[in-house]
There are 2 protein chains.
Amino acid sequence: MKKITKYVIKNSLKRIFLYRACLVRLKMMGVEKVFSYTLANETGVTSDQVRKDFSEFGIRGNKRGGYEIDELLGKMEKIFHRNKDHNIVLIGMGNLGLALSKYQRFVQRNMNIVATFDIDPFKQKIRSDIPVYSPDRMKEIIDRFRVRIAIIAVPEVSAQEVCDDLVRLGIKGIINFAPQLLKAPPEVIVNNVNLCDELESVIYYVHKQIKADGQKNIELLYRDMKY
Amino acid sequence: MKKITKYVIKNSLKRIFLYRACLVRLKMMGVEKVFSYTLANETGVTSDQVRKDFSEFGIRGNKRGGYEIDELLGKMEKIFHRNKDHNIVLIGMGNLGLALSKYQRFVQRNMNIVATFDIDPFKQKIRSDIPVYSPDRMKEIIDRFRVRIAIIAVPEVSAQEVCDDLVRLGIKGIINFAPQLLKAPPEVIVNNVNLCDELESVIYYVHKQIKADGQKNIELLYRDMKY
């Protein structure tokens, strides 16, 4: 049965990403070892929370000696399958699709966009490192590169159709940039990234903040936000 | 005191965005009234949750008669200050910045990027609807348009410096696309959107799903995810 996918990144996973970013920064500063309270302090959570999150993702440390940063980062790479290559297709080569196809960070993290697709024949002629194909060739490419992950960057009106096609062709995970709720079978992961909502939420909190006079109210507002 | 901002969008706010997307779709289908259980069913939460979220954001309905969709959408527009124009500046006109500056959806929702900034003199000559200025002119533009919200799309290495400048110039809310944890005073809202993390989380769940044999495990995985 198809349903609107209710997928969101778990808060513990978000925190793991945050710890990782801290570890990378500490490593650059020449630090070799951290304690859970260092990470807690840097990220604004409790030491217990750090240890709990680590244990949820199967990361164990020496309570007294702390964690070796290199070892921690290595474990995280394994958890996120960074040591493997991930072949990805991108559908929709509008402004956003084009920018995403050129996003160097993906490649640096072994996330390879092997092909992009667009219905516009003119875009199929763009000279770029990554080929732009007609959607007719989606099955062939997905099969050839054993692709399981796709990025949707098409306009809102075509997003559901593209999603259905991708699911039929064996795609198991989708990151969707179209501002449209996609229906997909429960075994397919859909992560909706809605840029307007992200910006609108900043505006919402800024207005709330401006209304709240004085630091006290601001602190209350912060405590109110679940991490 | 500057600290790494721990801001994330509250789950209740995320759900409000989800309800809104549903309402827009229902309206397009010609529906005029909804009950909380309609929205609950469409978004996969309980009716109680819908009512609780509405009450948190000051939206009241008639328990028996349901909600008028138009009225609900109107209330939501007020909550998100959609009826007002929001002037925004964008810093960094690389591929992503350029795509964001052309993102039509922002304009449709009264979020106006009034100016963009880039240190590259070549980019300052780009002919586009939105001017590209040298960062020297940031103070002048922010003051003239009374800008309080900024989008950071610069490379990682310059993100913190740009953030510091923006805060000094009176910016109260930032959406940051650089994969860098920004330090900002507690009264400034920073919403970090890390595209790599978003994609990596999809890969993580897809691998977890592939490992989990059978529907039963998959359902457990889903329940495990906090919405």
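Residues numbered from 1 in each chain as written. Chains lettered and ligands numbered in written order. Predicted model: local features only at pLDDT ≥ 70, side-chain atom pairs only at ≥ 80, totals over all residues. Heavy atoms only, no water.

Asker: Hey, could you run me through the packing of helix α2 (residues 36–43) of chain B against helix α3 (residues 47–56) of chain B in this one?
Answerer: Two quantities define a packed helix pair, namely the angle between the axes and the distance from one axis to the other. Residues and elements named next belong to chain B. Where α2 contacts α3, the two axes come as close as 8 Å, and the packing angle between them is 110°. When the axis of α2 is compared with that of α3, the two are roughly perpendicular. Counting all contacts with α2, which are made through Ser36, Tyr37, Leu39 and Ala40, the residues of α3 involved are Ser47, Val50, Arg51 and Phe54. (Axes fitted to C-alpha atoms, helices over the stretch in contact; angles between N-to-C directions. Helix = DSSP H or I, 4+ residues; strand = E, 2+ residues; numbered from the N terminus. Parallel < 35°, antiparallel > 145°, perpendicular 65-115°, else oblique. Contact = heavy atoms within 4.5 Å.)

Asker: Just checking my understanding: could you explain the relation of the copies chain B and chain A for this structure?
Answerer: The second copy of the chain is related to the first by a rotation about an axis and a shift along the axis. When chain B is fitted onto chain A, the two copies agree to an RMSD of 0.0 Å after a turn of 180° and an axial shift of 0.0 Å. What we have between these two chains is a two-fold relation. Among all C-alpha atoms of chain B, that of alanine 99 of chain B lies closest to the rotation axis, at 3.2 Å. Most of the interface of chain B is mirrored in chain A: 100% of its interface residues are interface residues there too. (Least-squares fit on C-alpha atoms with pLDDT ≥ 70 in both.)

Asker: How do you make sense of helix α9 (residues 195–211) of chain B when you look at a structure like this?
Answerer: Owing to its 3.6 residues per turn, the α-helix aligns residues three or four sequence positions apart on the same side. Residues and elements named next belong to chain B. For α9, which comprises 17 residues, the first-to-last C-alpha distance of 25 Å matches the rise-based estimate of 24 Å (1.5 Å per residue) to within 8%. Among the 17 residues of α9, 13 are classified as buried, and the element is accordingly described as predominantly covered. Where α9 begins, the side chain of asparagine 194 points an oxygen toward the backbone nitrogen of cysteine 196, at a separation of 3.1 Å. (Expected span 1.5 Å × (residues − 1). Buried < 20%, exposed > 50% of the residue type's maximum accessible area, 1.4 Å probe, protein only. Polar contact = N/O pair within 3.5 Å; in protein donor to acceptor, adjacent residues only side chain to side chain.)

Asker: Would you take a moment to explain the packing of helix α1 (residues 11–28) of chain B against α3 of chain B for this structure?
Answerer: Residue and element names in this part refer to chain B. At a minimum axis separation of 10 Å, α1 and α3 run at an interaxial angle of 105°. Judged by the angle between their axes, α1 and α3 are roughly perpendicular. Residue-level inspection shows Ser12, Arg15, Ile16 and Tyr19 of α1 in contact with α3, the latter providing Gln49, Val50, Asp53, Phe54 and Glu56. Residues of the contact of α1 with α3, tallied by class, amount to four nonpolar, two polar and three charged. (Nonpolar A, V, L, I, M, F, W, Y, C, P; charged D, E, K, R; others polar.)

Asker: Honestly, the pairing of strand β5 (residues 111–117) of chain A in this entry has me stumped. Any pointers?
Answerer: Working note: regular strand, side chains alternate between the two faces of the sheet. All names here are of chain A. Counting buried residues in β5 gives seven out of seven residues, a clear majority hidden from the surface. When strand β4 (residues 86–91) meets β5, the two strands line up parallel, connected through six bridges. The residue bridging asparagine 87 from the neighbouring strand is asparagine 112, located in β5. Sheet topology places β5 next to strand β6 (residues 132–133); two bridges connect them, and they run parallel. Each bridged residue has a counterpart across the sheet, and for threonine 116 the counterpart in β6 is valine 132. (Pairing = 2+ DSSP bridges.)

Asker: I'm lost on the interface of chain B and chain A in this one. Help?
Answerer: Interface size, as often reported, equals the accessible area lost upon joining of the parts. Each partner contributes residues to the interface: chain B has 75 residues there, and chain A has 75 residues. Between chain B and chain A, a total of about 7600 Å² is buried, with carbon and sulfur atoms accounting for 68% of that surface. Linking chain B to chain A there are 10 salt bridges. Of the charged contacts, one joins arginine 105 of chain B and glutamate 156 of chain A as a salt bridge, the two residues approaching to 2.2 Å between their closest N and O atoms. At the junction of chain B and chain A, the tally comes to 12 residue pairs in polar contact (both at pLDDT 80 or more). (Buried area = accessible area lost by both parts, 1.4 Å probe. Salt bridge = Lys/Arg side-chain N within 4 Å of Asp/Glu carboxyl O.)

Asker: Would you explain the pattern of salt bridges in this entry?
Answerer: Pairs can form between side chains of opposite charge once their charged atoms are near each other. Tallied over the entire structure, the rule returns 26 salt bridges over all chains. The salt bridge involving arginine 168 of chain B is made with aspartate 165 of chain B; its shortest N-O contact spans 2.3 Å. Highlighted residues: arginine 168 of chain B and aspartate 165 of chain B, both in helix α8 (residues 156–168), separated by three residues, approximately one helical turn. Judged by its relative accessible area of 63%, arginine 168 of chain B falls in the exposed class. The exposure class assigned to aspartate 165 of chain B is partly exposed, which follows from its relative accessible area of 25%. Here the salt bridges do not stand alone but share partners, grouping Arg20 and Arg109 of chain A together with Asp197 and Glu200 of chain B into one network.

Asker: Even after reading the chapter, I still don't get the environment of tyrosine 204 of chain B, so can you show me in this structure?
Answerer: Tracing the backbone through its elements, the reader meets tyrosine 204 of chain B in helix α9. Excluding residues within four positions of it along the chain, tyrosine 204 of chain B makes contact with Leu13, Phe57, Ile79 and Phe80 of chain A.

Asker: Honestly, the packing of aromatic side chains in this entry has me stumped. Any pointers?
Answerer: Two aromatic rings are characterised by how far apart their centres lie and by the angle between their planes. By the definition in use, this model includes 14 aromatic pairs over all chains. Residues phenylalanine 35 of chain B and tyrosine 37 of chain B carry aromatic rings whose centres are separated by 5.4 Å and whose planes lie at 5° to one another, so their mutual orientation is stacked. For phenylalanine 35 of chain B, a relative accessible area of 28% translates into the label partly exposed. An angle of 65° between the planes, with centres 5.2 Å apart, marks the rings of tyrosine 204 of chain B and tyrosine 205 of chain B as edge-to-face. Tyrosine 204 of chain B sits in the buried class, given a relative accessible area of 12%. In textbook terms, an aromatic cluster arises when at least three aromatic residues are bridged by ring pairs, as seen for Tyr19, Phe54 and Tyr67 of chain A. (Phe/Tyr/Trp six-rings, centres within 6.5 Å; stacked < 30°, edge-to-face > 60°.)

Asker: Before we go on, may I ask you to explain the sheet that holds strand β8 (residues 173–176) of chain A in this structure?
Answerer: Two strands in a sheet stick together by hydrogen bonds in their backbones, pointing the same way (parallel) or opposite ways (antiparallel). An order of β6-β5-β4-β7-β8-β10 (chain A) is seen for the six strands of this open sheet, with the pairing classed as parallel. The open sheet has two free edges, formed respectively by β6 and β10 (189–192) of chain A, since each of these has just one partner strand. Taken strand by strand, helix α8 (residues 156–168) of chain A contacts β4, β7 (149–152) and β8 of chain A, and its axis lies near 170° from that of β7 of chain A. Sheet contacts for α9 of chain B: β4, β5, β7, β8 and β10 of chain A; angle to β10 of chain A, the most-contacted strand, approximately 165°.

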